[in-house]
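Tertiary structure, described
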Amino acid sequence: ILTFLIALADGFNPCAFFVLTFLLASLIGLAGARKKIILVGGIFIFFSALFYFLFMSVLLNVFQLGGKVKILTLIAGGIAVFAGLVNIKDYFFFQKGISLTLPKGHKKRFLQRVKNLSLAKSTLALAGATAIIAATVNIYELLCTFGFPMIYTRILTLRNLSPLEYYLYLAFYNLVYVLPLAVIALIFAITLGKKTFSQLWVRRLKLISGFMILFLGLVLVFKPKLLESALTAFVVMLGAIMVSGLIIILNSFYRKR
């Protein structure tokens, strides 16, 4: 249950949503658009899961080498707190100063590659180009919500499990992580791009994920044993959603005035 909750929260990755919808939008108007959207979306989602799994496997091994040394838990929690604060900052000052998102320079190259995607002359060429884009962009997507895998892998290594169990949990985590992306791709294929993902929603999701990472990071620093309970994670995430919702409502009201 704990794995499912954290992975699902992590799955609402604003950077991944924005990149995926932009990628799929480039296919609108092409012959056989729906089939191409499903193909490109599937390849992107596969690479998202693969890179996240590899990244979390590295974290897992780092934490396992350190055993249950308390300082590693404090470091993981501290990094998560920092990542959470940066994401919260991005809601108010998007991509200003330190920002855990796709750098502007790389964003331009990404946009150009996406434009070239629509020029692919065969399904194989389209799949190959998508794989290259997904492989490069997913490295930067890790920055958006890397606090979640940092927290989760540390919680995981504090449990006495077999090597197989550790990796099965990581596999399950990544399966849940890509579920929201799969839903986005499906909706896009059905509506053919009528439902898009704007920058406003990127900022809002960064705010929500920022508070979730911040709160979970603080618990990991001060009371890591509380995270042995799925109820703690649920309460923390619910609290983050409520605080974020209040800020979004107040900010919208202020802007209208």
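See the structure printed just above.
About the thresholds
The residue numbers shown here count from 1 along each chain, following its written sequence. Where local features are concerned, this predicted model is filtered to residues with pLDDT of at least 70; where side-chain atom pairs are given and counted, the filter is 80 or more; whole-chain, interface and lining totals use all residues. For side-chain calculations, the full set of non-hydrogen atoms in the structure is used, while hydrogens and water are omitted. Going along the chain from the N terminus, every DSSP run of H or I of four or more residues is numbered as a helix, and every run of E of two or more is numbered as a strand. Each residue gets one of three labels from its accessible area relative to the maximum for its type: buried under 20%, exposed over 50%, partly exposed in between, using a 1.4 Å probe on protein chains only. When charges are tallied, Lys and Arg are placed among the positive residues and Asp and Glu among the negative ones, while His and the ends of the chain are skipped. We count a salt bridge whenever a side-chain nitrogen from Lys or Arg sits within 4 Å of a carboxyl oxygen from Asp or Glu. We define a polar contact as two N or O atoms separated by no more than 3.5 Å, with the added condition that, inside protein, one atom must be a possible hydrogen donor and the other a possible acceptor, whereas residues neighbouring each other in sequence contribute only through side-chain atom pairs. Residue contacts are counted whenever heavy atoms from the two residues lie within 4.5 Å of one another. Working definition of a nonpolar core: buried Ala, Val, Leu, Ile, Met, Phe, Trp, Tyr and Cys residues. They are joined through side-chain atoms within 4.5 Å. Stacked, tilted and edge-to-face are the three classes assigned to paired rings of Phe, Tyr and Trp, where Trp is represented by its six-membered ring and a pair needs centres within 6.5 Å; plane angles under 30 degrees give stacked, over 60 edge-to-face, the rest tilted. Any Lys NZ or Arg CZ found within 6 Å of a ring centre and within 35 degrees of that ring's normal is scored as a charge over the ring. Within this analysis, patches are made of residues with over 30% relative accessible area and no salt bridge. Like charges are joined at 9 Å or less; nonpolar side chains (Val, Leu, Ile, Met, Phe, Trp, Tyr) at 5 Å or less. Calculation of accessible area relied on Shrake-Rupley with a 1.4 Å probe; when residues are assessed, cover is drawn exclusively from the protein chains displayed.

Let us look at the side chain of Asp10. Mapped onto the elements, Asp10 comes out in helix H1 (residues 2-11). Lys206 provides the closest opposite charge to the buried, salt-bridge-free Asp10, at an N-O distance of 11 Å. Polar side-chain contacts of Asp10 include one of 3.0 Å to the side chain of Tyr52. Here Asp10 is in contact with Tyr52, Thr145, Phe148, Pro149, Tyr173 and Tyr177, once residues within four sequence places are set aside.

This part covers the nonpolar core. Ranked by size, the top nonpolar core spans 77 residues in total, and within it Ile6, Leu23, Leu24, Phe148, Ile151, Tyr173 and Met237 carry the most contacts. The element best represented in this core is helix H3 (residues 33-66), accounting for 12 residues. If we skip the residues at most four places from it in the chain, Phe148 touches Ile6, Ala9, Asp10, Tyr173, Ser209, Met212, Ile213 and Leu216.

Enumeration according to the criterion identifies 7 aromatic pairs in this entry. A ring pair is formed by Tyr91 and Phe92, whose centres lie 5.0 Å apart and whose planes are at 85 degrees; its orientation type is edge-to-face. Taking the relative accessible area as the measure of exposure, Tyr91 reaches 2% and is therefore buried. With centroids separated by 5.6 Å and ring planes inclined at 45 degrees, the aromatic side chains of Phe211 and Phe215 adopt a geometry described as tilted. Residue Phe211 and its partner Phe215 are located together in helix H10 (residues 199-222), separated by 4 residues, close to a single helical turn. Residue class for Phe211 comes out buried when judged on its relative accessible area of 11%. With a relative accessible area of 23%, Phe215 lands in the partly exposed category. Connected via pairs of aromatic rings, a cluster forms that spans Phe46, Phe47 and Phe51. The ring of Tyr91 has Arg203 sitting right over it, with the charged end atom 4.8 Å from the ring centre.

A cluster of nonpolar residues, Val69, Ile71, Leu74, Ile75 and Ile79, forms a patch on the protein surface that exposes about 380 Å² of accessible area. Note that Ile75 resides in helix H4 (residues 70-92). Residue classification places Ile75 among the partly exposed positions, given a relative accessible area of 44%.

Shape is all these values report; function is a separate question.
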